[in-house]
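Chains, contacts and geometry: an overview
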Amino acid sequence: MSAHPDQVRSEPNESPRQPARAAISSFLGATIEFYDFLLYAQAAVLAFGPVFFRGSPPEVATIAALGTFATGYLARPLGGLVFGYFGDRLGRKKMLILSMMTMGLASTAIGLIPPPTVIGPWAAVILVFLRVCQGIAVGGEWGGATLLAYEHAGVKRRGFLASFTQAGAPTGMALASLMLGLFAYLPTSEFQSWGWRIPFLFSIVLLALCLFVRAGVNESPEFNTLAKRRAEGTPEANRPLRDVFQQPRPVLICIFGTLGNFVLAGMLETFGLAYAVSAGTPKHEALVMWSAASVFLIFVTVGMGYLSDLVGRVRLMIIGYLAFAALLYPVFYLFSLADKFAVLGALLLTKVVHGMIYGPLAAFIADQFRPEIRYVGASAGYQVASLLGNGLGPLAITGLYAASGQNVVPVVAVGSGCCLLSAIVVFTSRFQRDRERRSPSIPGRKCESGTRT
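Residues numbered from 1 in each chain as written. Predicted model: local features only at pLDDT ≥ 70, side-chain atom pairs only at ≥ 80, totals over all residues. Heavy atoms only, no water.

Unlike most non-glycine residues, Ala338 shows phi in positive territory, near 55°. By secondary structure assignment, the location of Ala338 is in the loop between α14 (313-336) and α15 (340-367). Even without glycine at this site, Gln406 takes up a positive phi of about 60°. With respect to the helices, strands and loops of the structure, Gln406 is situated in the loop between α16 (374-403) and α17 (409-438). (Helix = DSSP H or I, 4+ residues; strand = E, 2+ residues; numbered from the N terminus.)

Rendered as structure tokens:
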């Protein structure tokens, strides 16, 4: 019987540079994908309300714009399932190229949408359609990028190399904030007329760069092993969707174990930005500070990914969740002071604590699945959690804030509660993996020596 793919380190003829190339490729790909995806988030807060929903009260326009933002998250689980299924059947690299092209072209097209004064309500319809395309693309990107790095790595470096995919998101966010922030210096009328479009049009340049970089990365060695097993007729290598639905507990662990992470991200990057601006922080200064904090998170994320290989992913994530639950109210208090040093200090503090969760998160999710179902399983868990926490979360939080008479305490209570829930689920994941290692009914679920969870 052939060895299980979990025990495969690398192909015999694979270059020792491939793990580093895979990590860099995953980092750049995630950077560009999340630049496009998160650029929309900030444009929804700062521009899309008055541009696409002109005539509505400001609060209603903002909620409507965030509603279009949420449609991208609704599409992400679909993208995760579709790209994940074919990624487990056809290969990680092929799906990454396709997802990147979908994202780049959709984002460029957003910058070309005619204004409502020209095509009326069709402008908003086209905006929503392109946002759905973005969601499908990023739903497939994360799982493939993570696994390309994770599966090229040795067992003792998986947290570190997989964290490069995670670091791509704050890099993309920083780039998006910087680009949008530069054009936010324009007079409001010019920013709303054409200034917000330029960062979206820049996506076509980033797309060309990413396609060039990814051309030099080999397919995952674990997927190559799966392809050989399929050629030998091994049945469990051919049924990723069915296996995921028959064994849903790892997916549920991924969803609720990472929910707090996404609630925090959505709360800080959309609602937190709008809250600081409404409290008196100038819009352009807020965008620059959010961008600087995202740059800081890049290094924290990779550092925490490295640390997770030494102390264990579960332990580090639990500490991060508990710390965030305690610090959330003081952070929003500092946001309300409208002092740039207080706001920046609060942001940097959140990035340190968030990195304890976010850095190990990719490897934590990948750890839950066998290689033959890893793309679809990891993508499904990650994208559903992202939909609930980062997609619907900002919309629900904004509504809660408005319904409570602009009282931030209920918002903080929701965020802290989600952190505590996720900490409990992450803790129980240890017992789930112990159960799977003991169970003869789950094929191939064997823990490698040296793996820390």
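Quick look at helix α6 (residues 158-184) now. A rise of 1.5 Å per residue sets the reference length of α6, with its 27 residues, at 39 Å; its end C-alpha atoms lie 40 Å apart and thus fit the reference within 8%. Maximal helix bending in α6 amounts to about 30°, located at Phe164. Across the 27 residues of α6, 22 count as buried, placing the element largely inside the fold. (Expected span 1.5 Å × (residues − 1). Bend = angle between axes of the 7 residues up to and from the residue. Buried < 20%, exposed > 50% of the residue type's maximum accessible area, 1.4 Å probe, protein only.)

Okay, the pattern of salt bridges next. A complete count under the given rule lists nine salt bridges for this structure. Notably, a salt bridge pairs Arg158 with Glu222, separated by 2.7 Å at the nearest N-O pair. Separated by 64 residues along the polypeptide, Arg158 in helix α6 and Glu222 in helix α10 (residues 221-231) bring together distant segments of the chain. Arg158 sits in the buried class, given a relative accessible area of 4%. Linked by salt bridges that have partners in common, Asp88, Arg92, Glu151, Arg158, Glu222 and Arg374 make up one network. (Salt bridge = Lys/Arg side-chain N within 4 Å of Asp/Glu carboxyl O.)

As a further point, take the state of the cysteines. Under the criterion given, the structure shown has zero disulfides. Cys418 provides the cysteine sulfur closest to Cys419, a residue in no disulfide bond, and the two sulfurs are 7.3 Å apart. A relative accessible area of 0% places Cys419 in the buried class. (Disulfide = S-S within 2.5 Å.)

With that out of the way, let us pick up the packing of aromatic side chains. Within the structure shown, the criterion is met by 15 aromatic pairs. Centre to centre, the rings of Phe262 and Tyr382 are 5.0 Å apart; their planes meet at 85°, and the pair counts as edge-to-face. Here Phe262 is found in helix α12 (residues 249-278), whereas its partner Tyr382 is found in helix α16, with 120 residues between them in sequence. The class for Phe262 is buried, based on a relative accessible area of 3%. Considering the side-chain rings of Tyr275 and Tyr401, the 5.9 Å spacing of their centres and the 75° angle between planes classify their relative orientation as edge-to-face. Residue Tyr275 is located in helix α12, and its partner Tyr401 is located in helix α16; the two are separated by 126 residues in the primary sequence. Assessed through its relative accessible area of 15%, Tyr401 is described here as buried. (Phe/Tyr/Trp six-rings, centres within 6.5 Å; stacked < 30°, edge-to-face > 60°.)

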